[in-house]
Amino acid sequence: MSTLKDSKIGQTVTVKRLCGEGAVKRRIMDMGITNGAEIYIRKAAPLGDPIEITVRGYELSIRKSDAEMIEVS
């Protein structure tokens, strides 16, 4: 299964599973990224990190290290 890190700019994906543990997983969930949430990848910083996404109607920047813990389809 692919991760949010592997997704391309302009793509809309659906969250299937969160792989983090403890505080990291809780922080991701607190940002609104939960199972079934749709995420639109808006853009990436010039060096590729962080990426800007739209989730649940608001814009969010997320590090690639956190994005690889989010499995999407």
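Notes on the structure in this doc start here.

What counts and how
Residues numbered from 1 in each chain as written. Predicted model: local features only at pLDDT ≥ 70, side-chain atom pairs only at ≥ 80, totals over all residues. Heavy atoms only, no water. Core = buried A, V, L, I, M, F, W, Y, C linked by side-chain atoms within 4.5 Å. Buried < 20%, exposed > 50% of the residue type's maximum accessible area, 1.4 Å probe, protein only. Helix = DSSP H or I, 4+ residues; strand = E, 2+ residues; numbered from the N terminus. Contact = heavy atoms within 4.5 Å. Salt bridge = Lys/Arg side-chain N within 4 Å of Asp/Glu carboxyl O. Pairing = 2+ DSSP bridges.

By size, the foremost hydrophobic cluster in this structure holds 18 residues, and its most contacted members are Leu-4, Val-15, Ile-33, Ile-39, Ile-53 and Ile-70. Those elements that provide at least two residues to this core are strand E2 (12-18), strand E3 (38-44), strand E4 (51-55), strand E5 (58-62) and strand E6 (70-72). If sequence neighbours within four positions are ignored, Ile-53 has contacts with Leu-4, Ile-33, Ile-39, Tyr-40, Ile-41, Arg-42, Tyr-58, Glu-59, Leu-60 and Ile-62.

Pairing is possible between side chains that carry opposite charge, provided their charged atoms lie close to one another. Taken as a whole and assessed by the stated rule, the structure comprises 7 salt bridges. Of the charged contacts, one joins Arg-27 and Asp-66 as a salt bridge, the two residues approaching to 3.2 Å between their closest N and O atoms. Remark: Asp-66 occurs in helix H2 (residues 64-67) and Arg-27 occurs in helix H1 (residues 22-30); sequence separation between them is 39 residues. The partly exposed category is assigned to Arg-27, whose relative accessible area is 34%. The shortest N-O distance in the salt bridge between Glu-52 and Arg-42 comes to 2.9 Å.

When E2 meets E3, the two strands line up antiparallel, connected through 3 bridges. By the bridge assignment, Thr-12 is partnered in E3 with Tyr-40. Looking at chain direction, E3 and E4 are connected through 5 bridges and run antiparallel. Its bridge partner being in E4, Ile-39 is matched across the sheet by Val-55. What sits between the antiparallel neighbours E3 and E4 is a turn of 6 residues, in which Gly-48 has the positive phi angle 90 degrees.

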